[in-house]
Amino acid sequence: MGSPLRIAIDGPAASGKSTLGKRLASALGYLYFDTGVMYRAVALAALRRHIPAEDADRLTDLAANLQIDVRPPSKDDGRDYDVLLNGEDVTWEIRRPDVDAIVSVVASHPGVREVLTRKQREIGERGRVVMVGRDIGTVVMPDADLKIYLDASPEERARRRYLQRLGRGERASFEHILEAVRERDRLDHGRAVAPLRPAQDAIVLDSSELNAEQVFQRALALVRGYAKSSD
Ligand code: DC
């Protein structure tokens with residue numbers, strides 16, 4: 001049977017999921033798919049159309065009628081992929097602070113989640129994929145071959161975000177970032193549909209005391225362990 005064909009990585013904001021997902025996908029020659037970009041694309045479209053983040057019905061309609069594509073990177077500007085919203089390149093726009101501010105609320109609507117989950121499953125069914133998000137192991141691909149839940153303390157995750165921002169030459173306050181991380185956790189864990197939690201059969205990796213290389217090596221060992229046990 002060999003390598004796990006469908007790998008799910010879930011965990012809270014800034015736990016290192018995307019760094020791990022990218023490296024694992026590249027080592028295995030798999031597609032790296034960050035499902036958060038879909039929720040961000042819907043949030044951006046809502047801002048542009050002045051649809052309030054609380055309007056579940058209009059947002060569900062919006063999500064159903066948007067064309068969201070994730071493609072290999074077309075530019076060498078630090079991006080890992082292109083995100084296209086109705087054909088327009090919004091790769092960087094979906095990272096705007098005003099998108100950050102509303103995306104958790106947008107992602108809390110069951111209708112929005114249903115539409116996006118369907119699109120994510122279609123991609124998962126093709127296999128050879130590392131899919132990253134909050135509910136991949138529990139809802140999107142409950143039958144994934146390998147499920148990793150990457151965790152880290154709120155303080156450590158805030159510290160990483162803080163250093164990232166300083167590294168980009170931005171001004172940042174550790175206290176504000178920690179507060180935002182806690183608020184995102186509260187929303188992601190507390191929502192009624194597909195709350196953030198490890199799947200029963202997920203392997204939990206706590207990265208608080210590990211660097212990116214160590215996390216990658218542990219995940220790679222899990223992939224190899226899977227390949228061996230399924231021989
Ligand atoms: O990982 P991220 O910060 O780009 O995610 C953006 C938002 O989308 C965040 O509030 C959590 C939500 N999300 C989700 O609910 N389910 C997913 N599979 C991925 C992201």
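Residues numbered from 1 in each chain as written. Predicted model: local features only at pLDDT ≥ 70, side-chain atom pairs only at ≥ 80, totals over all residues. Heavy atoms only, no water.

Between side chains of opposite charge, a pair can form as their charged atoms come close. Enumeration according to the criterion identifies 25 salt bridges in this entry. With a shortest N-O distance of 3.0 Å, Lys22 and Asp80 are connected by a salt bridge. You can see Lys22 sitting in helix α1 (residues 17–28) and its partner Asp80 sitting in the loop between β3 (68–71) and β4 (82–85), a full 58 residues away along the chain. (Salt bridge = Lys/Arg side-chain N within 4 Å of Asp/Glu carboxyl O. Helix = DSSP H or I, 4+ residues; strand = E, 2+ residues; numbered from the N terminus.)

What follows deals with the sheet that holds β4. The sheet built from three strands is open, its strands ordered β3-β4-β5 with antiparallel pairing. Looking at the sheet topology across the chains shown, the edges are occupied by β3 and β5 (88–89). Relative to β4, β3 runs antiparallel, the two being bridged by four bridges. Note that in β4 the partner of Val70 across the bridge is Val83. Against the sheet, helix α2 (residues 36–48) contacts β3, β4 and β5, and its axis sits at roughly 40° relative to β4. (Pairing = 2+ DSSP bridges. Contact = heavy atoms within 4.5 Å. Axes fitted to C-alpha atoms, helices over the stretch in contact; angles between N-to-C directions.)

Near the ligand lie 16 residues; those nearest to it are Arg40, Arg113, Arg134, Asp135 and Arg184. Separating an oxygen atom of the ligand from a side-chain N or O atom of Arg40 is a distance of 2.7 Å. Arg113 is positioned with one of its side-chain polar atoms (N or O) 2.8 Å from an oxygen atom of the ligand. Bound to the protein, the ligand loses 95% of the 450 Å² it would expose on its own. Broken down by element, the shell around the ligand gets its largest block of residues, three residues, from α2. (Near = heavy atom within 4 Å. Polar contact = N/O pair within 3.5 Å; in protein donor to acceptor, adjacent residues only side chain to side chain. Areas by Shrake-Rupley, 256 points an atom, 1.4 Å probe, with all protein chains shown as cover.)

These figures come from the coordinates and say nothing about function on their own.
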